[in-house]
Structure formats: structure tokens, C-alpha cells
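Take a look at the letters that make up each chain.
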Amino acid sequence: MGSERRHRGRAVPARAGLNVRRLLALPLLGLLAAGCGIRSTEVPTDFGPAPSRVRCSLSEPDTATQASRGLAVQVFLLCGSSLVAVDRSLRVPDGTADSARRVLVAQRLLDQLAETPSAAEREAGYQTYVRGGMTVSGPRAKDPEDTLRLSTPPAELSAYALAQLVCTFSDSAAAEGDGSVILGGPTTTPLRRYDCTDEVRARPGSRQPASSEVTGG
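In this text, all values refer to a predicted model and were calculated from it rather than measured experimentally.

A. Molecular detail of the packing of helix H3 (residues 98-114) against helix H5 (residues 159-170). Between H3 and H5, the least distance of the axes is 10 Å, while the angle of their chain directions is 140 degrees. One way to sum up the angle between H3 and H5 is to call them oblique. Note on packing geometry: the crossing formed by H3 with H5 is right-handed. The segment H3 lies against H5, with Ala-106, Leu-109, Leu-110 and Leu-113 engaging Gln-164, Leu-165, Thr-168 and Phe-169. Broken down by class, the residue content of the contact of H3 with H5 amounts to six nonpolar, two polar and no charged.

Here it is as C-alpha cells:
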């Protein structure tokens, strides 16, 4: 009986005894695996509740209500590391001449940028680097007609604040609508044309917006 073993008084083939030992060893292997940090992928894992609001996402504006408040415009606020357009509205008196209208729109946009974002906007991650108290005026005698002069020299603004101003102005009735705006300060420092490029919108704080000196009126 070299190929059989006795099991509780019965002859059991040696191969059957080997299978029994393997079955008995399976629970032990399972315990060892659990001790090594191996978990079943079928067990659901709770990662906590989902965020209450998607970052940089706001509810759709009420178009009818916005229209009743005045001219629909957009200002650029910082959210995360990028500039994002946010809907606003402002009032411009009917019959305002084009030159005066451009300056009035620019000042209202500047005021909007200087306001603290609403509670919903702050919750979604929006912020502004434009400080209050700044004013804007129109061109001087030898300036191009679409020039906007700030009470604070553009070069003294932070990269974030200047990017907000450039992109907001260039995308509005305050500029010519070609994606750029001519800005100057209160002194005789040369005017510069600033461009709101994709890079400015994507990385507003990395450097000052691209610009070129304006030489003639």
C-alpha cells in the first residue's frame, strides 16, 4: 500500500490526501494576504462626499434680468491660475457720444473689477487683484483716439491686475475690439498697446502682458 494512507480507519489515496491539505491551506493564505495589505477590489470604498460646487463654475445668469439692468458685459477675474470671464451689467446713458461712451464704459468696468466678488463667486474660487480708487480718462491731444489713461501707471500694477484690465478692456466697447488696448498713465510716459493673448489668460501672473510702444496719434 505504498500509494495509500489510512484516514480514520479507511484507506485514502495519497493524491486525495494532498488535495485535502491544499484546501485546508487556502484560508491560511487568505489571512496572510490580508495581513500584507491586499484587499479585494469588490469592496466599495467611501472617499467622502462630493464637493458642493465645481471650482470656477457658476450658475447660468438670468439673461432677461441682466438685460433689464443695462448693458451686458464681461469682466475677467482670477480663478485658480487663470483668467475667467464673468458676466456683469452696467448702465450707459442713451445718446452718449462714442468718445465719452468709451471712457464711461472703461470706468464702469474698472469699478466692477475693483468690487469684491459675490459670495457665490468667492465660493467658486474667483478673486480680483484690481484695487479700488483707480480712475480712467480719455486720450490727450496727441494720443490715439482709443487711448485710455489710468490714474495709476500700468507699469506699477501687479501682473495679475494689469492682465485683468487688459483682457477686460480689450473685450469691450472701451477698445477697438481687436484684442488689444492702448493704456497710459497720468504722466508723459509713452503709451503702450497691450494684447490679451491666450498665454495672458492662461498664466496671468507669470509676466506682464505683451505690449508695444505707441509712437503716433
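B. Quick peek at the sheet that holds strand E10 (residues 211-213). Across the sheet, five strands lie side by side as E6-E7-E8-E9-E10; this open sheet has mixed pairing. Of all the strands in the sheet, just strand E6 (136-137) and E10 have a single pairing partner and so form its edges. Its contacts with the sheet put H5 on strand E7 (147-150), strand E8 (180-184) and strand E9 (192-195), and the angle it makes with E8 is roughly 125 degrees.

C. Geometry of the state of the cysteines. Under the definition given, this model contains two disulfides. The disulfide that involves Cys-56 links it to Cys-79, with 2.1 Å between the sulfurs. The chirality of the disulfide connecting Cys-56 with Cys-79 is left-handed, given an S-S dihedral of about -105 degrees. Here the residue Cys-56 occupies a position in the loop between helix H1 (14-35) and helix H2 (63-69), and Cys-79 occupies one in strand E3 (residues 71-79), the gap between them amounting to 23 residues. Residue pairing for Cys-167: its cysteine sulfur links by disulfide to Cys-196, the two sulfurs lying 2.1 Å apart. Torsion about the S-S bond of the Cys-167 and Cys-196 cystine: about 95 degrees, corresponding to right-handed handedness. Taken together, the residues span a long stretch of sequence, with Cys-167 in helix H5 and Cys-196 in the loop between E9 and helix H6 (198-202) at a distance of 29 residues. We classify Cys-196 as buried; its relative accessible area is 12%.

D. Spatial organisation of H3. In this model, H3 (17 residues) spans 24 Å end to end at C-alpha, consistent with the 24 Å of a helix rising 1.5 Å per residue. Of the positions making up H3, those classed as buried are Arg-102, Val-103, Val-105, Ala-106, Gln-107, Leu-109, Leu-110, Gln-112 and Leu-113. Check the buried side of H3 and you find it contacts E3, strand E4 (82-90), E6, E7 and H5.

E. Highlighting the pairing of E7. The alternating pattern of E7 places Thr-147 and Arg-149 and Leu-148 and Leu-150 on opposite faces, both of which are buried. Sheet analysis places E6 next to E7, joined by two bridges and oriented antiparallel. Looking at E7, one finds that Val-136 is bridged to Leu-150. Summarising the sheet, E7 and E8 pair through three bridges and their orientation is parallel. Looking across to E8, one finds that Arg-149 is bridged to Gly-184. Handedness of the crossover joining E7 and E8 through H5 is recorded here as right-handed.

F. Molecular detail of H5. Given a rise of 1.5 Å per residue, twelve residues ought to cover 16 Å, and the 16 Å separating the end C-alpha atoms of H5 matches this to within 8%. For H5, the buried fraction is high: eleven of the twelve residues fall into the buried class. Buried within H5 we find Ala-159, Ala-161, Leu-162, Ala-163, Gln-164, Leu-165, Val-166, Cys-167, Thr-168, Phe-169 and Ser-170.

G. Quick look at the sheet that holds E3. In space, the three strands of this open sheet follow the order E4-E3-E5, with antiparallel pairing throughout. The open sheet has two edge strands with one neighbour each: E4 and strand E5 (126-127). Examined bridge by bridge, E3 and E5 share two bridges and lie antiparallel to one another. The residue of E5 that forms the bridge with Cys-79 is Tyr-126. Contacting E3 and E4, H3 runs over the sheet at an angle of about 40 degrees to E3. Running at roughly 155 degrees to E3, H5 makes contact with E3, E4 and E5 of the sheet.

Quick notes on the rules
Residues numbered from 1 in each chain as written. Predicted model: local features only at pLDDT ≥ 70, side-chain atom pairs only at ≥ 80, totals over all residues. Heavy atoms only, no water. Axes fitted to C-alpha atoms, helices over the stretch in contact; angles between N-to-C directions. Helix = DSSP H or I, 4+ residues; strand = E, 2+ residues; numbered from the N terminus. Parallel < 35°, antiparallel > 145°, perpendicular 65-115°, else oblique. Left-handed = near helix turned anticlockwise from the far one by under 90°. Contact = heavy atoms within 4.5 Å. Nonpolar A, V, L, I, M, F, W, Y, C, P; charged D, E, K, R; others polar. Pairing = 2+ DSSP bridges. Disulfide = S-S within 2.5 Å. Buried < 20%, exposed > 50% of the residue type's maximum accessible area, 1.4 Å probe, protein only. Expected span 1.5 Å × (residues − 1). Right-handed = clockwise from strand over helix to strand, strands pointing away.

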